[in-house]
Amino acid sequence: MSRHTYGVSGRKYVVIYRAVLMENLQYAANIAMGFFGYFVFIFIFIKLWDYIYQTPEELIAGYTKEQMIWYVMMTEMIWFGSNTGAVARQVAADIRGGNIAYLMNKPYHYTLYILAKYTGEWSIRLPMYMLLAVAIGAAMVGAIPGFRLATVPVMILCLILGITINAVFKMCISLLSFWIEDATPFQWLYDKLILVVGTVFPIEIFPRTLQALFKLTPIYTVCYGPAKLVVDFSGEKCIEILSVQFLYLAVGCVLMFLIYRKGVRKLYVNGG
Amino acid sequence: MLTAVRMQLRVCLLSVKYNIMREMLNPVTFVTNVVFMILNDAAILVQWFILFRLRGDIGGYTMKEVMLLWGLTAASFGLSRVLFTRVFSLPELIISGKLDSYLVQPKNVLLSVMTSATNISAIGDFLYGLILLVACGFSVSRLCLFLLFTVTGTVIITAFALLLGSLSFWFVRADMLGNQMVSGMISFMTYPDGIFRGISRFLLYFVIPVGMAVYHPVHIMTEFDVKMFFEVIGYAVLLMAAAMIVFYRGLRRYSSSSLMEARM
């Protein structure tokens with residue numbers, strides 16, 4: 001297939017990203033309405049960890065109470081800040097509704113178009129949730145022990161990679177709609193895996209055998225990695241997490257292109 | 001009067017029945033939705049196993065009580081979404097003027113709206129609730145109490161959603177507030193009340209009706225208390241009555257958007 005039809009050139013995706021970003025800026029007030037849900041989760045977890053930690057100095061799986069709450073705040077921030085409809089609902093709807101027949105003939109690659117759109121969506125949401133997390137954390141939890149401002153750029157890189165990996169895997173699941181009518185149940189299971197294992201606790205809290213298993217799943221790169229660097233940064237851990245993230249992104253993208261290519265061959269659209 | 005009520009209820013049950021039959025046209029999707037919802041709910045148990053490894057009790061609850069709490073929440077929320085899922089999207093109907101087609105039918109407007117759609121995956125939630133009941137100690141008396149409290153829980157969740165959804169008759173942005181409050185309520189319902197103290201506990205019993213929907217029922221099922229029992233039933237009836245009054249008050253303010261729509 002020619003370079004033109006596959007749309008590898010990056011500029012068009014930057015234009016798509018910018019257009020979606022500008023569009024989403026109009027809905028900043030609507031996004032802020034979702035803060036209540038985030039606050040409820042954080043409030044529950046603050047109360048939960050308050051109950052479980054019996055003394056302020058107690059360590060659970062090597063984490064202080066403040067670190068544990070900040071960990072949940074960071075993972076939930078990633079969850080709420082990147083929870084937009086593009087990679088899950090739109091892809092499934094495009095395939096089921098036949099709209100994909102129009103979109104796949106445009107001079108871009110459909111999956112990269114969706115990723116650019118998704119990035120434009122979370123680029124507004126995530127910073128808003130980030131500010132909220134910092135405000136709640138400062139008011140209700142206190143400073144993160146040992147936090148260094150100089151490490152923020154690498155944390156942001158890790159965060160962006162984590163969100164992109166999550167998007168790629170969610171898109172892979174949505175692309176299953178080429179074969180099955182409704183891939184939503186698979187999205188639930190994937191989301192629940194990320195939520196239960198990745199967002200509520202750090203991996204160290206699980207038994208050792210499970211820790212090794214979880215390190216092989218997207219959980220390690222999507223939630224644990226970015227949150228771990230925020231609450232307990234170390235150069236060694238940072239290199240390890242970033243390396244695994246790049247590896248995961250490469251594997252995820254290959255998988256995504258492969259599923260898409262196989263899927264479009266199977267596509268059958270009735271008129272319209 | 002009684003015959004009229006019976007007829008209305010019969011029409012509603014038929015409506016739910018046909019909603020489910022329509023969804024069953026594709027059996028694979030139907031079964032996948034139900035089974036995966038059960039698995040989705042069951043995944044949360046991992047969280048509780050981990051928490052109970054850290055401490056013997058969470059907010060005064062043992063693992064069995066947490067399972068009961070989860071079971072009641074899942075069954076109540078599931079039944080509410082199976083029978084009355086349209087209540088959760090009521091603001092959209094009001095704002096976009098889609099209530100017209102319900103107003104012209106010779107049926108009770110509220111019941112007709114509430115039972116006009118079914119969420120199939122919610123059947124999985126309901127079944128999961130029953131599975132948890134069996135897992136944490138089955139007996140006929142517990143089953144009877146569980147089913148009764150599932151009904152009161154369903155009434156409370158539905159009434160709360162109806163109350164907040166009806167605010168859209170007055171305020172356009174009330175839909176977002178309503179959605180947030182209902183999902184907040186469900187989040188609170190899955191954690192023991194013992195971890196909340198002071199004002200948050202007061203809010204969960206008197207503002208967001210979590211206490212009466214699940215906390216009291218779990219306490220009653222653990223240790224029966226007649227006073228609490230009648231409090232729960234009375235609260236469910238009063239909340240639904242209040243929600244219906246607000247809905248019908250709001251309906252007087254409803255204005256059509258001249259949207260052409262047919263309902264069979």
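Everything below is about the structure shown above.
Analysis parameters
Residues numbered from 1 in each chain as written. Chains lettered and ligands numbered in written order. Predicted model: local features only at pLDDT ≥ 70, side-chain atom pairs only at ≥ 80, totals over all residues. Heavy atoms only, no water. Helix = DSSP H or I, 4+ residues; strand = E, 2+ residues; numbered from the N terminus. Rg over C-alpha atoms; globule rule 2.2 N^0.38 Å. Buried < 20%, exposed > 50% of the residue type's maximum accessible area, 1.4 Å probe, protein only. Contact = heavy atoms within 4.5 Å. Areas by Shrake-Rupley, 256 points an atom, 1.4 Å probe, with all protein chains shown as cover. Lys, Arg positive; Asp, Glu negative; His and termini not counted. Charge placed at Lys NZ, Arg CZ, Asp CG, Glu CD. Buried area = accessible area lost by both parts, 1.4 Å probe. Polar contact = N/O pair within 3.5 Å; in protein donor to acceptor, adjacent residues only side chain to side chain. 1 Å grid on protein atoms, 1.4 Å probe; cavity = no way out; pocket = protein on both sides within 12 Å on 5 of 7 lines; lining within 4 Å. Points joined across faces, edges and corners; volume = space filled by probe spheres on them. Nonpolar A, V, L, I, M, F, W, Y, C, P; charged D, E, K, R; others polar. Core = buried A, V, L, I, M, F, W, Y, C linked by side-chain atoms within 4.5 Å. Axes fitted to C-alpha atoms, helices over the stretch in contact; angles between N-to-C directions. Parallel < 35°, antiparallel > 145°, perpendicular 65-115°, else oblique. Left-handed = near helix turned anticlockwise from the far one by under 90°. Expected span 1.5 Å × (residues − 1). Bend = angle between axes of the 7 residues up to and from the residue.

If you had to explain the overall build of chain B to someone new, which residues and values would you point to?
Looking only at helices and strands, one finds 13 helices and 0 strands in chain B. Secondary structure elements in chain B, listed N-terminal to C-terminal, are α-α-α-α-α-α-α-α-α-α-α-α-α. Taken against the 2.2 N^0.38 rule, which gives 18 Å for 264 residues, the C-alpha radius of gyration of chain B at 19 Å falls within 12% of a compact globule. A buried classification covers 53% of the 264 residues belonging to chain B. Considering only contacts in chain B between residues 6 or more positions apart, those separated by 24 or more positions represent 77%. For chain B, the exposed area adds up to about 12300 Å²; of that, 70% sits on carbon and sulfur atoms. Each charge class in chain B can be summarised by its mean position, and for the 20 positive and 13 negative side chains these summaries are 6 Å apart.

Can you explain the interface of chain A and chain B? Please cite residues and give values.
Opposite the 31 residues of chain A that make contact, chain B presents 35 residues. Together, the buried faces of chain A and chain B total about 3100 Å²; carbon and sulfur atoms form 74% of this surface. Summed over the shared surface of chain A and chain B, the result is 7 residue pairs in polar contact (both at pLDDT 80 or more). For the side of chain A that touches chain B, the secondary-structure elements that each account for two or more residues are α3 (28–33), α4 (35–52) and α10 (184–199) of chain A. Examining the composition of the side of chain A that touches chain B, we find that 12 residues originate from one element, α4 of chain A, more than from any other.

For the layout of surface pockets, give the residues involved together with the corresponding values.
All names here are of chain A. If you add up the space inside the second largest pocket, you get close to 410 Å³. What lines the second largest pocket is a set of 18 residues, among which Met74, Val134, Ile144, Phe147 and Val230 lie closest to the centre. When residues of the lining of the second largest pocket are traced back to their parent elements, those giving at least two are α5 (65–81), α8 (110–140), α9 (152–174) and α12 (218–231). By residue number, the principal contributor to the lining of the second largest pocket is α9, which donates 4 residues. Its residues placed into classes, the lining of the second largest pocket shows 17 nonpolar, 1 polar and no charged.

Any details on the nonpolar core? Residues and values, ideally.
One finds Tyr38 and Trp49 of chain A together with Trp48, Phe188 and Tyr215 of chain B to be the most contacted residues of the largest nonpolar core, which totals 168 residues. Excluding residues that lie within four positions of it along the chain, Tyr38 of chain A makes contacts with Met73, Glu76, Met77, Phe80, Tyr129, Leu132, Ala133 and Ile136 of chain A.

Can you tell me about the packing of α12 of chain A against helix α13 (residues 235–266) of chain A, naming the residues and giving the values?
All names here are of chain A. α13 packs onto α12 with a crossing angle of 150° between their chain directions and a minimal axis gap of 10 Å. Comparing the axis directions of α12 and α13 gives the class roughly antiparallel. Judged by the sense of rotation from one axis to the other, the crossing of α12 with α13 is left-handed. Between α12 and α13, the residues in contact are Pro218, Tyr220, Thr221, Tyr224, Gly225, Pro226, Lys228 and Leu229 and Lys237, Cys238, Glu240, Ile241, Val244, Gln245 and Tyr248, respectively. Of the residues belonging to the contact of α12 with α13, the class tally is 9 nonpolar, 3 polar and 3 charged.

Now, about helix α12 (residues 210–222) of chain B: what can you tell me, with residues and values included?
Residue and element names in this part refer to chain B. Its 13 residues place the ends of α12 17 Å apart at the C-alpha level, agreeing with the 18 Å of an ideal helix rising 1.5 Å per residue. Its axis deflected by about 30° at His216, α12 carries its strongest bend there, up to four residues before the proline Pro217. Of all 13 residues in α12, 11 are buried, a share of seventy percent or more. Every buried residue belonging to α12 is among Val210, Gly211, Met212, Ala213, Val214, Tyr215, His216, Pro217, Val218, Ile220 and Met221, and all of these are buried. Next to the buried residues of α12 lie α4 (63–84), α8 (121–135), α9 (140–166), α10 (174–189), α11 (198–206) and α13 (226–251).

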